[in-house]
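# Fold and contact review
What follows is each chain in one-letter form.
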Amino acid sequence: CRISSDGKPAKFQPPPKPVIIDKQKQREEKRFLSPEFIPPRGRIDPLKLFLERKDMIQRRKVFNIPEFYVGHILAVTTADPYANNKTNRFVGICIQRGGKGLGATFVLRNVIEDQGVEICYELYSPRIQAIEVLKLEKRLDDNLMYLRDALPEYSTFDMNMKPVSHLDHEEIPVNKLQVRMKPKPWSKRWERPKYNVKGIKFELPEGKMREAQKWSQPWLEFDMMREYDTSKIEEKIWKEVSEELKK
Amino acid sequence: MMPIWTKSGKKHAVTLLKVQDCHVLRYISKEESGGKTSKLLVGGKNGSPFFKSEAAMEIFKEAGVPPKQKVTTFNVTDDAIIKPGTPLYAAHFRPGQFVDVTAKTIGKGFQGVMKRWGFKGQPASHGQTKTHRRPGAISTNKAGKVYRGKKMPGKMGNIYRTSFGLKVWRINTKHDIIYVNGSVPGHANCLVKVKDSKLPTYKDCNKNPPFPTFFADGDENLPEDLYDEEIFQFTDPSVTYA
């Protein structure tokens with residue numbers, strides 16, 4: 001046994017208790033509610049939202065729509081009556097998720113043979129046969145429309161890309177990539193604060209950046225009429241949706 | 001409004017109409033009304049008994065029904081007369097039927113001639129003095145007067161208009177909801193009158209509709225959702241082109 005510095009026998013120290021990280025619990029705590037379930041602000045009859053949600057859950061039971069965010073790289077196969085195999089496979093980075101309810105859409109962008117291509121798919125359309133997530137990667141923004149004015153290398157993805165494996169319990173990594181842009185003019189003035197773009201490396205002179213700040217509206221974040229707190233609505237809808245999907 | 005997909009993969013937009021507490025209020029015979037057919041008074045959505053005339057309240061009391069917000073007349077043939085007081089449900093209509101929907105359009109208030117009648121107005125520059133959205137000339141010299149019905153600024157909207165020939169795609173019997181193709185006049189949650197279509201192309205479209213109406217206490221037990229044959233139901237697997 002160990003001899004302490006005093007020479008007397010040391011007091012029995014019990015071993016430290018093992019810290020059990022329950023991966024199952026961590027996975028359950030991570031709730032993801034697809035943004036199209038959250039109702040928009042406005043006077044909409046809750047019965048209409050309920051019926052729409054029922055249809056959406058019905059579709060999700062038959063066809064698996066994976067959890068994905070803007071910035072993920074997806075491969076979508078749709079039924080196409082004019083294609084060779086009657087199916088059409090498109091790989092691209094998701095730049096925008098719009099629409100609420102059954103009409104929810106997402107836009108995939110890719111550059112094929114030096115031509116930028118964007119396709120807007122409807123999540124609940126019956127023509128979609130499969131949605132696979134190839135690479136899970138969140139970006140700094142919710143809306144990657146600026147990739148249209150970025151150098152084409154940032155939007156090119158291999159059509160036959162292999163899916164990158166991702167463990168269930170790990171958090172989705174955030175790619176803090178700062179994208180370099182083509183020379184101006186751009187389709188939108190991305191340096192202006194209204195777009196709140198964090199993922200661009202602006203190489204514009206200081207004068208232009210200061211001039212862009214003239215259009216900032218710092219009072220917007222304090223505007224109480226614009227607040228839309230969705231936490232309670234989300235919890236209710238999450239409970240309803242998860243119960244229905246488990247059946 | 002909601003999207004709906006057919007089995008061939010096409011998307012259509014659909015308006016949801018809810019049948020809320022509809023009852024038949026009164027039967028007016030052909031001689032009494034003075035028209036070509038007899039009429040049935042039907043009332044929709046329950047409302048407050050205040051701000052309603054005594055005569056209206058008498059009709060509701062006679063039928064034994066709570067006071068309704070909207071009362072309309074339907075011209076009916078003699079074999080389709082229903083006893084006053086019977087409730088009407090969404091299952092009165094069937095998927096595949098064609099329907100006309102009447103409602104009051106959204107009121108836009110006093111509007112100018114460009115918005116109300118679609119006039120072109122005048123150019124923005126090149127010397128125009130204070131004249132950009134005006135009607136311009138209103139009549140000729142020879143006429144010497146302005147004709148009746150001349151399109152001029154005025155109150156726009158808030159009048160009854162009908163959209164004809166709308167297809168019924170789906171009926172929800174549990175919540176009494178009719179899914180009707182396309183858009184319908186009026187704002188969201190407004191009161192609307194739904195009739196069988198009068199268009200000659202859809203004269204023979206209704207095959208065995210519930211006649212005179214769908215009775216809830218009858219023997220028929222309808223499923224919760226009635227779909228048209230061409231609709232893609234979400235319980236089916238995805239559409240493929242063989």
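Residues numbered from 1 in each chain as written. Chains lettered and ligands numbered in written order. Predicted model: local features only at pLDDT ≥ 70, side-chain atom pairs only at ≥ 80, totals over all residues. Heavy atoms only, no water.

Looking at an unreviewed UniProt entry, one finds chain B named Large ribosomal subunit protein uL3m and attributed to Pampusana beccarii. The UniProt entry for chain B carries the following comment under Sequence similarities (unreviewed entry): "Belongs to the universal ribosomal protein uL3 family." UniProt lists a comment for chain B under the heading Subcellular location (unreviewed entry), and it reads "Mitochondrion". (UniProt positions renumbered as here; feature names shortened; annotations may be inferred.)

In the annotation of an unreviewed UniProt entry, the entry for chain A reads Large ribosomal subunit protein bL19m, and the organism field reads Pampusana beccarii. Checking UniProt for chain A, the heading Sequence similarities (unreviewed entry) contains the comment "Belongs to the bacterial ribosomal protein bL19 family." Quoted verbatim from the Subcellular location (unreviewed entry) field of the UniProt record, the comment on chain A reads "Mitochondrion".

### Observations concerning the sheet that holds strand 3 (residues 22-28) of chain B
Residue and element names in this part refer to chain B. Strand order across the open sheet formed by four strands is 5-4-3-6, with antiparallel pairing between neighbours. Looking along the sheet, the strands with just one partner apiece sit at the ends: strand 5 (71-76) and strand 6 (87-88). Alignment of strand 3 against strand 4 (residues 38-43), held across five bridges, turns out to be antiparallel. Note on strand 4: the bridge partner recorded for V24 is V42. (Pairing = 2+ DSSP bridges. Helix = DSSP H or I, 4+ residues; strand = E, 2+ residues; numbered from the N terminus.)

### Some points on the sheet that holds strand 5 (residues 128-135) of chain A
Backbone hydrogen bonds hold the strands of a sheet together, and the pairing may be parallel or antiparallel. All names here are of chain A. Sheet architecture is open: five strands sit in the order 4-3-2-1-5, paired in antiparallel fashion. Edge positions in the open sheet fall to strand 4 (115-122) and strand 5, since each of these has one partner strand only. Direction aside, neighbouring strands of the sheet carry axes that sit 35 degrees apart on average. When strand 2 (residues 87-98) meets strand 3 (residues 105-112), the two strands line up antiparallel, connected through five bridges. From the neighbouring strand, I93 faces strand 3, where its bridge partner is R109. (Axes fitted to C-alpha atoms, helices over the stretch in contact; angles between N-to-C directions.)

### Concerning the interface of chain A and chain B
Many structure descriptions define interface size as the accessible area lost when the parts assemble. Taken together, the 26 residues of chain A in the interface contact 25 residues of chain B. Carbon and sulfur atoms supply 62% of the area that chain A and chain B bury against each other, a total of about 2100 Å² over both sides. Of all residues in chain A, L51, D55 and P126 of chain A give up the largest surface area on contact with chain B, accounting jointly for 24% of the area buried on that side. One can count three salt bridges joining chain A with chain B. Linking K54 of chain A and E224 of chain B is a salt bridge whose minimum nitrogen-to-oxygen distance equals 2.9 Å. Run the count over chain A and chain B and you get nine residue pairs in polar contact (both at pLDDT 80 or more). Elements with a contribution of two residues or more to the side of chain A that touches chain B: helix 2 (46-62) and strand 5 of chain A. When residues of the side of chain A that touches chain B are assigned to their parent elements, the largest contribution, 10 residues, is made by helix 2 of chain A. Partitioned by chemical class, the residues of the side of chain A that touches chain B number 11 nonpolar, four polar and 11 charged. (Contact = heavy atoms within 4.5 Å. Buried area = accessible area lost by both parts, 1.4 Å probe. Salt bridge = Lys/Arg side-chain N within 4 Å of Asp/Glu carboxyl O. Polar contact = N/O pair within 3.5 Å; in protein donor to acceptor, adjacent residues only side chain to side chain. Nonpolar A, V, L, I, M, F, W, Y, C, P; charged D, E, K, R; others polar.)

### Overview of the pairing of strand 11 (residues 177-181) of chain B
Residue and element names in this part refer to chain B. Of all the five residues making up strand 11, four are buried; the element is thus mostly covered by neighbouring parts of the structure. In the sheet, strand 10 (residues 160-172) pairs with strand 11 via four bridges, with the strands oriented antiparallel. Within strand 11, the position partnered with R170 by the bridge is Y179. Between strand 10 and strand 11, which pair antiparallel in sequence order, lie four residues; one of them, D176, sits at a positive phi of approximately 60 degrees. (Buried < 20%, exposed > 50% of the residue type's maximum accessible area, 1.4 Å probe, protein only.)

### Some points on the side chain of R53 of chain A
Mapped onto the elements, R53 of chain A comes out in helix 2. Beyond its immediate sequence surroundings of up to four residues, R53 of chain A is in contact with F37, I237 and E240 of chain A.

### As for the domain arrangement of chain B
Its domain assignment divides chain B into domain 1 (1-18 + 93-107 + 160-206 + 220-241), domain 2 (20-88) and domain 3 (108-156). If you average the C-alpha positions of domain 2 of chain B and of domain 3 of chain B, the two centres end up 43 Å apart. (Domains from an automatic or database assignment.)

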